[in-house]
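Below, each chain spelled out in residue letters.
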Amino acid sequence: MLHIEDQYIRKHILDGMFGLEKESLRVLGDGSFSHTRQPFEDSDFIVRDFCENQTEINTGVHDTAGAAVRELQEHYETIQNAVYNMPVQEYLWPFSNPPFIKNEKDIPVAAFDGKEQFKTVYRDYLSDKYGRYRMTFSGIHVNFSFAEELLKRDFQLHGGVDYQAYKNELYLKLAGALAVYGWILTAVTAASPLLDSSFVEKGVCGGDVFMGLASVRCSELGYWNDFAPVLDYQSVEAYADSIEQYVRQGLLKAPSELYYPVRLKPAGENDLESLRKNGVNHIELRMFDLNPLCEQGLEVKDVLFAQLLMIWLLGRPEEELSVRHQVHAVQNFKNAAHYDLKTVKIALPDGRICSVAQAAINMINEMKNFFVEIDADVQDILDFQYRKFEDADNRYAWKIRKQFQGGFVKKGMELAKRRQEECVGARQGGRPGL
């Protein structure tokens, strides 16, 4: 764990690197799916996810969360201007949950050609196994690494001889701790309580559905495998092997099919071979909903809170991570996606059962004390999250349900059109030309 008592460590504890990935659906003016080809073939930053109409922004790496969000905003504006100028005007759907879905064929699997055709084949496999409806959920992934100078200082204090081995051990411990405590990130960013009726009753469009969930994509109805994965955090090799065992057993077709909220990633090519060879470069958090209350879909304070959570976890004594803890962890993530967190329970590492809301309050209070002790001025970020559990009306999902129920897709499209108009007008002062 980090030598938090060291003055250099304390001074630079908030130094880190951030990169963001954001998915969103292109739709037509009535809320139906676009079926046009992805219009960003030449972009290194705007690609496709599962659907052909599901844009994915991949930002560069930045030394502040604010800079990463600003780049996200720039690409968002590029997409808005492009879809505004499509032959038939399109819009960016601002929610994690999809709008109208007519049927499975209405969901266009991303079409890759030539050497990349295998990507479409893989998507067809996912379509057959999980159904295309589930693949229409969109979200945000936050990639984070601690600053190299910070880690090098801590490495010296450990008296180590292999820096990459030290980094591997640190990020493995962090990933294990996030498996146990990362549910709080689901709770603070959940922002998708409403569904269109067509998601649960095929072909029946225009009705609102509320299932007692704050984030459908993070709940038991969302992106999860049909088994509770148990991973080995003892070494990079053991971690990679524990994922590959599910491929060998036929539970996964490829390691990328492991739908887990936390991933360890190498520099360069993102595969297990590269992870074994090059070691861990950063950690990926995959549980953030699109936040329609923000223009670019992400509140920077939520990214900063994720950073504070990781710092706090590495400043604490290491805890046991048994099979029982990991099985409970998966269920805790799913329970944290519920709407009323004062009634839904989670299992704490010490075996106690507690409501999600009370567990979150207790954790944030511990974090507050920790950061006061190391003289880090972050109380505003912690207070921002604390208020979500003190009064549920401060949570995104509760605000969104109040604003958008009684016509989820209709009101959602009004927001999508208004956001596009504001974005296009602000960027170019009128109707843009390509």
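Residues numbered from 1 in each chain as written. Predicted model: local features only at pLDDT ≥ 70, side-chain atom pairs only at ≥ 80, totals over all residues. Heavy atoms only, no water.

Draft legend 1. Spatial organisation of the overall build of the chain. Per the secondary structure count, the chain includes 15 helices and eleven strands. The C-alpha radius of gyration computed for the chain amounts to 21 Å, which stays within 12% of the reference 22 Å derived for 434 residues, consistent with globular compactness. When its C-alpha atoms are laid out on the principal axes, the chain stretches across 60 × 50 × 45 Å. The burial tally for the chain puts 59% of its 434 residues in the buried class. Long-range contacts, defined here as pairs at least 24 residues apart, represent 73% of the contacts in the chain between residues at least 6 apart. Across the chain, the centroid of the 49 positively charged side chains sits 4 Å from that of the 63 negatively charged ones. (Helix = DSSP H or I, 4+ residues; strand = E, 2+ residues; numbered from the N terminus. Rg over C-alpha atoms; globule rule 2.2 N^0.38 Å. Buried < 20%, exposed > 50% of the residue type's maximum accessible area, 1.4 Å probe, protein only. Contact = heavy atoms within 4.5 Å. Lys, Arg positive; Asp, Glu negative; His and termini not counted. Charge placed at Lys NZ, Arg CZ, Asp CG, Glu CD.)

Draft legend 2. Region of the structure containing the pattern of salt bridges. Taken as a whole and judged by the stated rule, the model has 23 salt bridges. The salt bridge partner of E318 is K173, with a shortest N-O separation of 3.5 Å. Of this pair, E318 sits in the loop between α10 (300–314) and α11 (323–335) while K173 is found in helix α6 (residues 163–181), placing the two residues 145 residues apart along the sequence. Judged by its relative accessible area of 21%, K173 falls in the partly exposed class. (Salt bridge = Lys/Arg side-chain N within 4 Å of Asp/Glu carboxyl O.)

Draft legend 3. Spotlight on the confidence of the model for the chain. Per-residue pLDDT for the chain has a mean of 94; in total, 98% of the residues score no lower than 70. Long-range and interchain partners of residues 430–434, a stretch whose pLDDT sits below 50, account for ten contacts in this model, where long-range means more than four residues apart. (pLDDT = per-residue confidence, 0-100.)

Draft legend 4. Representation of helix α13 (residues 379–390) within the structure. Compared with an ideal rise of 1.5 Å per residue, which puts twelve residues at 16 Å, α13 spans 16 Å between its outermost C-alpha atoms and is within 8% of the ideal. Buried within α13 we find I381, L382, F384, Q385, Y386, K388 and F389. At its buried positions, α13 is contacted by α7 (183–189), α10, α12 (356–373) and α14 (396–404). (Expected span 1.5 Å × (residues − 1).)

Draft legend 5. View of the environment of Y260. Looking at the element boundaries, Y260 is found in the loop between α8 (236–248) and β8 (262–265). Assessed through its relative accessible area of 3%, Y260 is described here as buried. Look past the residues within four positions of Y260 in its chain and what remains in contact with it is A179, P229, Y233, R286, A329 and V330.

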